[in-house]
Every structure is written in C-alpha cells, then in structure tokens.
Amino acid sequence: ESQVDVPAAGLADDERLVTFLWKGARERVLIFGAPGYEHDPLYRLEDSGIWYRSYRLPMDTRLSYQLAPDVPWVKGSARDQRVAILATRQQDPTNPRQWSPDGVTDVYNTKSILELPQAPSDALLAGDRELPAPKRYRLHSERLDNTRDVDILVPEVMQRAPGRTVPLAIFFDGHDYQGKVPTPRILDNLIEAGSIPPVVAVFVSNPSRQARVEELPCNPDFADFMANELVPFVSRQTGLAFEGRQTLLAGASFGGLAAACTAYRHPEVFG
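None of the values given here were measured: they were computed from a predicted structure. (Residues numbered from 1 in each chain as written. Predicted model: local features only at pLDDT ≥ 70, side-chain atom pairs only at ≥ 80, totals over all residues. Heavy atoms only, no water.)

Undergrad: Can you walk me through helix α6 (residues 254-265) in this structure?
TA: One turn of the α-helix equals 3.6 residues, which is why residues spaced by three or four share an orientation. For α6, built from 12 residues, the straight-helix expectation of 16 Å at 1.5 Å per residue is met to within 8% by its first-to-last C-alpha distance of 16 Å. Three or more residues of α6 are buried, namely G255, A258, A259 and T262. Along the long axis of α6, the arc covered by the buried residues comes to 100°, so they all point the same way. Residues of α6 that are buried in the fold lie against β12 (168-172), α4 (209-215), α5 (220-238) and β14 (247-250). (Helix = DSSP H or I, 4+ residues; strand = E, 2+ residues; numbered from the N terminus. Expected span 1.5 Å × (residues − 1). Buried < 20%, exposed > 50% of the residue type's maximum accessible area, 1.4 Å probe, protein only. Arc of directions from axis to C-beta. Contact = heavy atoms within 4.5 Å.)

Next up, the structure:
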C-alpha cells in the first residue's frame, strides 16, 4: 500500500512524502523497481508485522512497482539473489491501480502504479485506431555471427515516396518496445498530433539473453553492426534513405548504454 501525504515540513512545494506499506511479512520486504534503485528494503515497525519506507518524490511522479515479502535468503551470486526476488515480487494488494505490461494478470505479473497529481498526461498511450503491424525480418550479422529479429514499421505516407531521405528511430530490446512500451501507438499519436514528422521505426531484438549482456553495454562490434549492417539493411528493405541528423537511437538500461555508445562511435550515422 502507498500513502501520499500532504506537504510536510522540509518538503518543497513540488514534493510529496510517499510511504509504502506492507502487512504480514515475517522476515523482510523489498520494494522492486522505482522509486529506489533496484530493491530497497522496507523497515519493520518495532516487532509488528507492519513494514514501511518513505520517499520524497516530485509531484510529477508516475511509476510502477512491486513488493517482495519474505524473500528467501540465497547463498550464491548476485544473479541467484535477484532470481529469488523475481520469484517473490508481486502487486501491492491494497493499491487498485494496476498495470500488466504483458497482459498476464496474476499477482506476480501485475505491477502497481503510483501517480502523483502533476504526473504528465499519458494520452499518448490511448487510441483505438487500427495500426499496421511492423514487418518482421531475420537479419544475420557477419560481424557478430548471429541472427536476430528486426521489425520495421513504415508509415503509409512514406511508402509512396521511395528514395526519399526520411527520419529514422531505432529501438533496442525490440520485442519489449512493442509490448511493455507500446511504441507504435505512441509514435502514431505523436505523428497524428503533428508533434513529430512521420518516422520509420525499427525494433532490434536480441538473439538471446546472453547476447544482450555481451552486445548492448558499449560493444564496438555491435556498434559497427548497427552502422554498417543494420542501417543499410533497413534502407534496402524500405527503399528509403537516412542521414545522421535525423536518426535516433533509443533504449532502456543496457539499451540506453547501447544508444549512447553506438552514437558516440558512429556519429555520422546516428546523430
């Protein structure tokens, strides 16, 4: 359960004190995800079964979280410990605001939402207009010696203009950026509102979990694959041209590292 208090002493006008609560755990409770880093522990209220932790948060906060009660103490690697948390984390049972990024609605796959009064509009997620599905390709990389899914979404207006130089947006963790993050819907809404021009969207997936760990964190071979293999491939498949000043890379976590490091290595391609 999260409780949002009125402004308290020491808080700025644009901040609120938010307290997360859990009742009934015996050993410990961790909060998984925001607002802390990774998995902050909640504190036990004396010898009761009530656990709590408070954060100072800006008024425009919107985040999702889960709580992990009685996480087993695991001897082993950091990964082993993380798996124990992943197996225990669950939705906040007293928070009615829920979100299931994968459409699976059991307590372990559903996340709880905290939204403060000045959170920005999420209207870009809404809409019932039918959208064309990205076209899926299998791309083999000579440099990396592996094969991955590459999904390409071309707005209809661009399909009538072969050879043009057009904006390009490339998203790492491509499957997630079409599911957990509904990127095609967001882009469609932005284009429809005139906030951005029509843009070719490319979703680059990982051949495997291990490949993600090896390729995305600032791997120069992966950056060279992106510049010398992926972008020419997209150009061949679409019949369109791209230039660095209109080409965007985007990603989260390791994908954010990949975006920054790939652009740093190849600024002539990714501006």
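Undergrad: Explain the layout of surface pockets to me, please; I cannot follow it from the model alone.
TA: Empty space among the atoms can be located by rolling a probe the size of a water molecule over them. If you add up the space inside the largest pocket, you get close to 1,800 Å³. In terms of lining residues, the largest pocket is bounded by 38 residues, among which R82, D176, K180, R212 and S253 are the most central. Those elements giving two or more residues to the lining of the largest pocket turn out to be β3 (29-33), β7 (62-69), α1 (78-88), α3 (183-192) and α4. In terms of residue class, the lining of the largest pocket is made up of 15 nonpolar, 12 polar and 11 charged. Along the wall of the second largest pocket there are 16 residues; nearest its centre are R62, W99, I113, D122 and L125. Those elements giving two or more residues to the lining of the second largest pocket turn out to be β7 and β9 (111-115). Of the residues assigned to the lining of the second largest pocket, the class counts are eight nonpolar, three polar and five charged. (1 Å grid on protein atoms, 1.4 Å probe; cavity = no way out; pocket = protein on both sides within 12 Å on 5 of 7 lines; lining within 4 Å. Points joined across faces, edges and corners; volume = space filled by probe spheres on them. Nonpolar A, V, L, I, M, F, W, Y, C, P; charged D, E, K, R; others polar.)

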